[in-house]
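Here are the chains, one letter per residue:
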Amino acid sequence: QDVFEWDDWIELYLPAGEGLLNLAGYYLTDNPDNLTKWQFPDTNLGLTTIVGGQYKLIWVDNDDNQGELHTNFKLSGDGEEIILVDPDGVTIIDSMTFGPQAPDISYGRECDGCDTWMYFNNPTPNASNAEIIPEPELLFINEVLADNENNIYDFNGDHDPWLEIFNPNPYQVNIAGYFISNTSDELLYEFPNDAPALTVIPSDGFMLVWCDNETSTVEGHANFVLNAGGGTITLTANDGTTLMDTYTYPAADTDVSWGRQNDGSPTSITFNIPTPRVTNSLVIVQPEELYINEVLTANVNDTLDNFLETEDWFEIYNPNNYDVNISGYYFSDNPANPQKWKVPNYEADSTTVPANGWLLFWADEDANQGINHTSFRLSNNAEQLRMFSPDGFTMVDEISWELLDSDTSLGRFTDGASQWIQFIETTPEASNNGAEIGIYENSENQVKLLAYPNPLRGSTVSFSEPITGEVLDITGRQVQTLRNEQSVNTTHWSNGTYIIKAIDNRTLRVVINR
């Protein structure tokens, strides 16, 4: 903690016998393409000098106005690279890469300056690296769904059996090194010690384990499958001997779970509506009708936030004829953590989506910058964004994508519509209707292509002239090719909007509405 803020930090170590080193002029960066991103200032040599055998803590908080040891960038909880660069701005002194992180668990060298890295449940800022093996903690197997056909699905889209572990303690627990099993071999599956994002259970929180005998670096998957006819599950502590919990579940109907009546209680019941990752005493909160309406995942020259920074953003659309305050709703880009970020419940003016209007959120992993800044970033590679009601469980809306170009958004073709399309003309906090889609438009000196009837309610669409080119759906996927054709049978096209693109880049839109 520095300046009464809980900010990211990194620790530098100068080996014993190296005397003194003034860091003024050296650089730190998280971008290998910009080795001079932040430079240690020369305004306070007492702060920037490190003594041999000692440590220097640097606050990576994007608040360089708070002092000489505060950088102009933040670390990403999703993982990235950190580089220490010589004052020449070219020579790399040291670098390291880390993966997805969990709160309050550090990643450091196993011993000061050595080559082996590990996670520390007890971080040691400004002190020698050493791990204290945590004592076994009270935990419960809380809920089991052994026959999953239509309940939640994993990152791969599979409806696999799952079990849930509950942490009743007033602090988070890392179950790395614990064991879980469904056989007499109580040490059948060991939770990994190199992925805290998958093994840390927050206070009074829950963790889901997919029991599908598959491995995954994205979610927790055990190396066994639950028996739909019933069975017994054991949870063993990290000492390999202390039995933390034993839980027997009966045969149940498809998509019906068996769980403790109240979290951690001795009495169990069936749940016709399973409650994965949330309390078994869940009270369903039905959400208002709202939509994730547009997403920009690589903001280079698009919209500036209130700190004049180009950050990722997403837009919520309210189709109702009344305002909706979404404080208490949740957003997440991680299917394993639906309650990743909660919209704060103060400053209602900033969290209210106006009637028939829009509200923008900055996905910049910088919640300190305001109420509309989330605790996570978006990736322009394959990812998804979900919105949940205040119960943290009931989904309001979701969107996923594969790859988006810089300054190109993914949005609904019209506000709230089911069809999605890429926009090269983004529309933050404005209607998507009429925005420029990501295709070439007709040039002024070209004869405009026409289609009729349009919208089409029959099976055949005709064009104003023969066309050679292709038919694209609104995601840009090719539906079919055209070879000098003046009419096309569309019986195999679904309802929706299509782009006819000729080889000379002339385009027209055709709407199928049967």
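Sequence positions are assigned chain by chain, starting from 1 and proceeding in written order. Totals for whole chains, interfaces and linings use every residue, but because this is a predicted model, local features are given only for residues with pLDDT of at least 70 and side-chain atom pairs only at 80 or more, for both listing and counting. Side-chain measures were taken over the full set of non-hydrogen atoms in the model, leaving aside hydrogen atoms and water.

### Side note on the overall build of the chain
Just so we agree on the cut-off: Under the DSSP-based scheme used, a helix requires at least four consecutive residues in state H or I and a strand at least two consecutive residues in state E, with every element numbered from the N terminus. For every residue, the accessible area (1.4 Å probe, protein chains only) is compared with the maximum for its type, and the residue is labelled buried under 20%, exposed over 50%, or partly exposed between those bounds. We call two residues contacting when some pair of their heavy atoms lies within 4.5 Å. What sets the accessible areas is the Shrake-Rupley method with a 1.4 Å probe; for residues, cover comes only from the shown protein chains. In this tally, Asp and Glu contribute negative charge and Lys and Arg positive charge; neither His nor the terminal groups of the chain are included. We put the charge of a Lys on NZ, of an Arg on CZ, of an Asp on CG and of a Glu on CD.
Across its full length, the chain holds three helices and 38 strands. When the backbone C-alpha atoms are referred to their principal axes, the chain occupies close to 80 × 65 × 45 Å. Scored against the burial criterion, the 514 residues of the chain give a buried share of 47%. The long-range share in the chain, meaning contacts at least 24 apart out of those at least 6 apart in sequence, stands at 55%. Surface accessibility of the chain: about 24000 Å² in total, with carbon and sulfur atoms responsible for 47%. Charge-centre separation for the chain: the mean point of 19 positive side chains lies 12 Å from the mean point of 80 negative side chains.

### Quick notes on the pattern of salt bridges
Our working rule: Here, a salt bridge means any Lys or Arg side-chain nitrogen found within 4 Å of an Asp or Glu carboxyl oxygen.
Evaluation of the coordinates by the stated rule reveals twelve salt bridges. The shortest N-O distance in the salt bridge between D8 and K74 comes to 4.0 Å. You can see D8 sitting in the segment before β1 (9-14) and its partner K74 sitting in the loop between β6 (54-59) and β7 (80-85), a full 66 residues away along the chain. Salt bridges sharing common partners tie together D78, D333 and K340.

### Describing the sheet that holds β7
Operational definition: The pairing criterion for strands is at least two bridges between them, as found by DSSP.
The strand order across the open sheet built from four strands is β4-β3-β7-β8, with neighbouring strands paired in antiparallel fashion. Each end of this open sheet is capped by a strand with a single partner; those strands are β4 (38-39) and β8 (92-98). Across two bridges, the pairing between strand β3 (residues 27-29) and β4 is antiparallel. Residue L28 lies in a different strand from β4, and its bridge partner there is W38.

### Here we look at the sheet that holds strand β29 (residues 358-362)
Short version of the rule: Every axis corresponds to a line fitted to the C-alpha atoms, with the helix fit spanning only the stretch in contact, and the corresponding angles, defined between N-to-C directions, vary from 0 to 180 degrees.
The antiparallel open sheet is built from five strands, whose spatial order is β29-β24-β23-β32-β33. Both outer strands of the open sheet, β29 and β33 (420-423), are each paired with one neighbouring strand and no more. The mean angle between the axes of side-by-side strands here comes to 25°, regardless of whether they run parallel or antiparallel. In this sheet, strand β24 (residues 313-317) lies alongside strand β23 (residues 291-296) in antiparallel orientation, the contact comprising five bridges. Looking across to β24, one finds that Y291 is bridged to Y317.

### Details of the nonpolar core
The following threshold applies: Nonpolar cores are built from buried Ala, Val, Leu, Ile, Met, Phe, Trp, Tyr and Cys residues. Side-chain atoms within 4.5 Å join them into one set.
Counting 26 residues, the largest nonpolar core has I165, I175, I180 and F191 as the members making the most contacts within it. Of all the secondary-structure elements, those providing two or more residues to this core are β11 (140-145), β12 (162-167), β17 (205-211), β19 (230-236) and β20 (243-250). When neighbours within four sequence positions are excluded, I165 is seen to be in contact with L139, F140, I175, I180, F191, I201, G205, F206, M207, V209 and L235. Residues I292, V295, V324 and V353 belong to the second largest nonpolar core, which totals 25 residues.

### Re the side chain of N148
Quick note on the threshold: Distance and chemistry together define a polar contact, namely a pair of N or O atoms within 3.5 Å, with one atom able to donate a hydrogen and the other to accept it when in protein, and with adjacent residues in sequence counting only for side-chain atoms on both sides.
Checked against the element boundaries, N148 lands in the loop between β11 and β12. A distance of 3.0 Å separates the side chain of N148 from the backbone nitrogen of N151, its partner in a polar contact. At 2.8 Å, the side chain of N148 forms a polar contact with the backbone oxygen of D160.

### Points about the packing of aromatic side chains
Going by this rule: Any pair of Phe, Tyr and Trp rings, taking the six-membered ring for Trp, is counted once the centres come within 6.5 Å. Such a pair is stacked with planes under 30 degrees apart, edge-to-face with planes over 60 apart, and tilted for the rest.
Going through the model one piece at a time under the given rule, you end up with 13 aromatic pairs. Judged by centre distance (4.9 Å) and plane angle (50°), the ring pair of F314 and F331 falls under tilted. One end of the pair, F314, is in strand β24; the other, F331, is in strand β26 (residues 330-332), and 17 residues separate them in sequence. Across the pair, exposure class does not vary: F314 and F331 are buried alike. Pairing F331 with F361 gives two aromatic rings, centres 5.5 Å apart and planes at 45°, and the pair type is tilted.

### Re unusual backbone geometry
With phi around 60°, N126 is a residue other than glycine that occupies positive phi space. Structurally, the position occupied by N126 is in the loop between β10 (117-120) and β11.

### Let's talk about the confidence of the model for the chain
What counts, and what does not: As a per-residue measure, pLDDT reflects the predictor's confidence and takes values from 0 up to 100.
On average, residues of the chain carry a pLDDT of 90, and 96% of them reach 70 or more. Confidence drops under pLDDT 50 across residues 439-444; counting only partners more than four residues distant or on other chains, this segment forms 14 contacts.

### Description of the environment of T242
Mapped onto the secondary structure, T242 falls in the loop between β19 and β20. Judged by relative accessible area, which is 32%, T242 ranks as partly exposed. Distance in space between the C-alpha atoms of T242 and G99 is 30 Å, their sequence separation being 143 residues. Every residue in contact with T242, bar those within four places of it in the chain, is listed here: P136, L235, T236 and A237.

### Examining the environment of V278
By the secondary structure assignment, V278 is in the loop between β22 (268-271) and β23. Assessed through its relative accessible area of 2%, V278 is described here as buried. Placed 72 residues apart in sequence, V278 and F206 show a C-alpha to C-alpha distance of 6.5 Å. Setting aside anything within four residues of it in sequence, one finds V278 in contact with E164, F206, Q339, D391, G392 and F393.

### Things to note about the pairing of β11
Burial of β11 is extensive: six of the six residues sit out of reach of the surface. Here β11 pairs with β12 via five bridges, running antiparallel. When the bridges of β12 are listed, I141 appears paired with I165. Strand direction decides the pairing type here: β11 and strand β21 (residues 257-260), joined by two bridges, are antiparallel. Considered in β21, the bridge of V144 is made with W258.

### Section: the side chain of Q480
Its location among the elements puts Q480 in strand β36 (residues 478-489). Q480 sits in the buried class, given a relative accessible area of 18%. Within the local environment of Q480, its side chain forms a polar contact with the side chain of H492, the two groups lying 2.9 Å apart. Not counting chain neighbours up to four residues away, the residues in contact with Q480 comprise E470, V471, V488, N489, H492 and W493.

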